[in-house]
Amino acid sequence: MAADSKDINQDDTQSSGTTAEAAAETAGVAVADKPATKVSAGKLSARELINAFEAEQIAKQAKELPDIYVGDTVRVGVRITEGNKERIQPYEGVVIAKRHGGLNETITVRRIFQGIGVERVFMLQSPQVASVKVERRGKVRRAKLFYLRDRVGKATRVKQRFDR
């Protein structure tokens, strides 16, 4: 019986190694001796390696955007699909908030349309955002400009900043 238990333990260790490889192949993950990423594979788990690789791939696809600050007046080119046609519609307004960072960065842009305040939130790395152009820099002392919602007319203007 002792010999049988050793055989079982050896079979378990051998099969567990091949099972992990088989599971990786069925999941579509390539098993290689060296990782394809710049991250060293010293003490990282397989999940951490996959996450690092995905982050690198996403970073390669990231758009080059200008520096956008709260208070800036920006023109965002938005892709609009109508039937089978696609066009780019500009949306211009003041950035009143920025959230998150990196690939998940969003900006809230406010404009006045026919006397009514309209705000849109844009995810900067979204495929619907074709372009972002900074029209003018704003001089503000707050991280969020939600107080502009209560202002009417000329009081909604933001002073221009010339140093950047």
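If you're wondering where the values come from, they're calculated on a predicted model, not measured in any experiment.

Engineer: So what about the overall build of the chain? Which residues, and what values?
Structural biologist: Helix and strand counts for the chain come out as two helices and five strands. Ordering the α and β elements of the chain from the N terminus gives α-α-β-β-β-β-β. A burial count over the chain gives 21% of its 164 residues as buried. Of the roughly 12300 Å² of accessible surface on the chain, 51% is carried by carbon and sulfur atoms.

Engineer: Before we move on, could you go through the confidence of the model for the chain and cite the residues and values that matter?
Structural biologist: For the chain, the mean per-residue pLDDT works out to 82, and 74% of the residues sit at or above 70. Taking the mean pLDDT of every element in the chain, the minimum, 49, falls on helix H1 (residues 2–26) and the maximum, 98, on strand E2 (residues 85–99). A low-confidence stretch, residues 9–17 stays under pLDDT 50, and its non-local contacts, those more than four residues away or across chains, total zero contacts.

Engineer: I'd like a description of the environment of arginine 137, backed by residues and values.
Structural biologist: Its location among the elements puts arginine 137 in the segment after strand E5 (129–136). Arginine 137 sits in the buried class, given a relative accessible area of 16%. Between the alpha carbons of arginine 137 and threonine 73 there is a distance of 6.4 Å; along the sequence they are 64 residues apart. A polar contact of 2.6 Å, which involves the side chain of arginine 137, links it to the side chain of aspartate 72.

Engineer: Give a description of the side chain of threonine 106 that names residues and reports values.
Structural biologist: Tracing the backbone through its elements, the reader meets threonine 106 in strand E3 (residues 106–113). Exposure remark for threonine 106: the relative accessible area of 13% places this residue in the buried category. Setting aside chain neighbours within four positions, we find threonine 106 in contact with Ala97, Lys98, Arg99, His100, Val121, Phe122 and Met123.

Cut-offs and rules
Residues numbered from 1 in each chain as written. Predicted model: local features only at pLDDT ≥ 70, side-chain atom pairs only at ≥ 80, totals over all residues. Heavy atoms only, no water. Helix = DSSP H or I, 4+ residues; strand = E, 2+ residues; numbered from the N terminus. Buried < 20%, exposed > 50% of the residue type's maximum accessible area, 1.4 Å probe, protein only. Areas by Shrake-Rupley, 256 points an atom, 1.4 Å probe, with all protein chains shown as cover. pLDDT = per-residue confidence, 0-100. Contact = heavy atoms within 4.5 Å. Polar contact = N/O pair within 3.5 Å; in protein donor to acceptor, adjacent residues only side chain to side chain.

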